[in-house]
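Observations on chain architecture
Spelled out from the first residue to the last, the chains are:
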Amino acid sequence: AGIVRESGCGTLVDPTDPAAIAAAIRAILDLSAADRDAIGRRGLEAHLETYNWEAQSARLLAEYGRLTSRPW
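Residues numbered from 1 in each chain as written. Predicted model: local features only at pLDDT ≥ 70, side-chain atom pairs only at ≥ 80, totals over all residues. Heavy atoms only, no water.

**Regarding the overall build of the protein chain**
Threshold: Only DSSP runs of H or I with at least four residues qualify as helices, and only runs of E with at least two residues qualify as strands; both kinds are numbered from the N terminus onward. Radius of gyration: over C-alpha atoms. The globule rule applied is 2.2 Å multiplied by the number of residues raised to the 0.38 power.
A tally of helices and strands in the protein chain yields 4 helices and 0 strands. Beginning at the N terminus, the succession of helices and strands in the protein chain can be written as α-α-α-α. For 72 residues, the compact-globule formula gives about 11 Å, and the C-alpha radius of gyration of the protein chain, at 17 Å, lies well above that figure. When its C-alpha atoms are laid out on the principal axes, the protein chain stretches across 50 × 30 × 15 Å.

Put into structure tokens, the structure is as follows:
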């Protein structure tokens, strides 16, 4: 949810509420093609810039080092 909120790459909905899921799908389908494309681009940008192994591994290894007091 945080990634979706932060990047604006989608719509959050209660996954246990079929009506809410349907409404969210309809809302996305009702957007213009340009707006739907923008959502997709924001998701791709979030992946390429932040949410990928290359970007996250340094943070993870730094945290391991902090927790163990040893370099990783």
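**Focus: the packing of aromatic side chains**
How we decide: Stacked, tilted and edge-to-face pairs are distinguished by plane angle, under 30 degrees for stacked and over 60 for edge-to-face with tilted covering the rest, among Phe, Tyr and Trp rings (Trp via its six-membered ring) whose centres lie within 6.5 Å.
Scanning all chains against the criterion turns up 1 aromatic pair. Pairing tyrosine 64 with tryptophan 72 gives two aromatic rings, centres 5.1 Å apart and planes at 55°, and the pair type is tilted.

**Some words on helix H3 (residues 33–49)**
Under the convention used in this document: The span you would expect from a helix comes to 1.5 Å times its residue count less one. With a 1.4 Å probe rolled over the protein chains alone, any residue whose accessible area is under 20% of its type maximum counts as buried; one over 50% counts as exposed, and the rest are partly exposed. Each direction from the helix axis to a C-beta atom contributes to the arc, which is the arc of those directions.
Compared with an ideal rise of 1.5 Å per residue, which puts 17 residues at 24 Å, H3 spans 24 Å between its outermost C-alpha atoms and is within 8% of the ideal. Of the positions making up H3, those classed as buried are Ala38, Ile39 and Ala46. All buried residues of H3 project into a common sector of 100° when viewed along the axis, lining one side. For H3, the exposed residues lying more than 90 degrees away from the buried face are Ala34 and Leu48.

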